[in-house]
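Next come the chains, spelled out residue by residue.
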Amino acid sequence: MSSRTESTRRRDDVARPWPALWALVIGFFMILIDTTIVSVANPAIIEGLDTSIDDVLWVTSAYLLAYAVPLLITGRLGDRFGPKRLYLAGLVIFTLSSAACGFSTHISALIIARVFQGLGASMMTPQTMAVITRIFAPDKRGAAMGLWGATAGVATLVGPILGGLLVDGLGWEWIFFINLPIGVVAFIMAWRLVPALTTHAHKFDILGVVLSAVGMFLLVFGIQEGQSYEWGQIWGPISVWSLIIAGAVVLAAFVVWQRLTRGEALLPLELFRDRNFSLGNTVITTVGFAITSMSLPLIFYLQMVRGLTPTESALMMVPMAVLSGVLAPFVGRLIDHINPRFVATAGMALCAVALVWYSFVLTPDQPIGLLLLPSAVMGLANSAMWGPLATMTTRNLPQALAGAGSGVYNTTRQVGAVLGSASIAVLMQARLASELPGGSDAANGGEAASLSGVLPDFLHAGFSAAMSQSLLLPAAAALVGAIATVFFAKPKPIAAEWGQEKPRPEA
């Protein structure tokens, strides 16, 4: 294909970017739902597969590990082979493994299928942001990132609601079977509507791949499974903390190698010379931490103190999901005309306010309707966080490094989520030991009761207090994120030559 023909096609693709984005959003929404949808199905899976609590927790852990660990690598692969190709390949793996999950008759088969689901998701996620960065001009990217952010924010909230409805109505298998028609539609739309963008010739850093994968696995596994092993020994001389420390050391070695290598680095460190990229990754870590950690104490309170079913407790998040989804596109268009920093700071501050508000109203006799108010504030916060943060972080990325930057951004978000999940579990256990009659014994009993119904009345006050206090941790994380957004630099003027990059034929 001639350079002129290729350039013309590329300009046409840039002129019609919205159909491509909507095609990508369908698959992105599906994979994010699967990070939370399983939580409400755990009791049904235990009964259906005749397994234990410890084993069923790996259904989620395996997915998150396989999702988080390869993100740096899959982002870079998108730069090398094209984001469309990586996205479609990941979508096929994700959809087929969803079918394998639904047909599983043993817990081991389900866990293995979830690993492949996570791998497919890790191939898809960085490509969504990379495509936005490459097909939308910087002054039009806010609305696109607003839609991306709405998808990310709403999906994490819709997962438990959809999971409860499917489990109650059709059975746990359908939380996986629902992905099959969605996956087929998403594949057809992406194949037809997403442009085959030019690729960039990269030499692959094999040692960097090994170091990043090993380091991320050790760190994420140690943090994610620490509570399961009570932060002690895992096997023989290997402890949770030795894994976390080893992961940090290997990742430090990875960074040193990226700096010293004379070849092309897997993680171009020049990305971090951009102040907003570095700050954005810090802030999205706090977002992942806060959003992930807030749900556990809240859902436990609603089910174990207020006696709501899984579906009813998930429906208490509806104001959050609806406001986030409705307002995020409007916020996206707004930040194309004003400094996104102001919106991001307001969103992070509202997130902290909503979580503190939740903390104050989690009492045994609180009118249940009042709990919808902080949920609505959290919806406002979500609409103002995701899009502006993504816009500020990726605005100045070179197009050849869009995949790498997206991989870093999504990796830090996932690490924040893992940190939040582990930290809130530890804090909840500590506060239950302090607030419940009988201390740690009662806390352990409360954990077991999470699968068996409402707590006795005499435990309601202490349990509510423990959950209330635990919510201050994600509130603190959101406040740290709000402070960090204040230091975002004003976006640079848009280069006149944007979009005039000489394209190369696909490899």
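Residues numbered from 1 in each chain as written. Predicted model: local features only at pLDDT ≥ 70, side-chain atom pairs only at ≥ 80, totals over all residues. Heavy atoms only, no water.

In the nomenclature of an unreviewed UniProt entry, the protein is known as Drug resistance transporter, EmrB/QacA subfamily of Paramicrobacterium humi. The record in UniProt for the protein states the following under Sequence similarities (unreviewed entry): "Belongs to the major facilitator superfamily. EmrB family." Here the protein is described in UniProt, under the heading Subcellular location (unreviewed entry), as follows: "Cell membrane". (UniProt positions renumbered as here; feature names shortened; annotations may be inferred.)

Undergrad: Explanation requested: the nonpolar core in the structure shown.
TA: One broad trend across soluble globular proteins is that nonpolar side chains are buried collectively. Among the nonpolar cores identified, the biggest contains 105 residues, and Ile45, Leu110, Val287, Met294, Met378 and Leu389 are the most heavily contacted of them. For this core, the element with the highest residue contribution is helix α13 (residues 275–304), accounting for 12 residues. Each of domain 1 (15–194) and domain 3 (271–490) gives at least three residues to this core. Ignoring sequence-local partners within four residues, the contact set of Met294 consists of Met320, Leu355, Tyr358, Met378, Leu471 and Pro474. Leu77, Leu86, Phe254 and Val418 belong to the second-largest nonpolar core, a separate cluster that totals 32 residues. (Core = buried A, V, L, I, M, F, W, Y, C linked by side-chain atoms within 4.5 Å. Buried < 20%, exposed > 50% of the residue type's maximum accessible area, 1.4 Å probe, protein only. Helix = DSSP H or I, 4+ residues; strand = E, 2+ residues; numbered from the N terminus. Domains from an automatic or database assignment. Contact = heavy atoms within 4.5 Å.)

Undergrad: Teacher, can you tell me more about the environment of Gly208 here?
TA: Looking at where Gly208 falls in the secondary structure, it is placed in helix α11 (residues 206–225). Remark: the alpha-carbon pair of Gly208 and Thr261, spanning 53 residues in sequence, is separated by 9.3 Å. Apart from residues lying up to four places away in sequence, Gly208 is in contact with Phe254, Trp257, Gln258 and Leu266.

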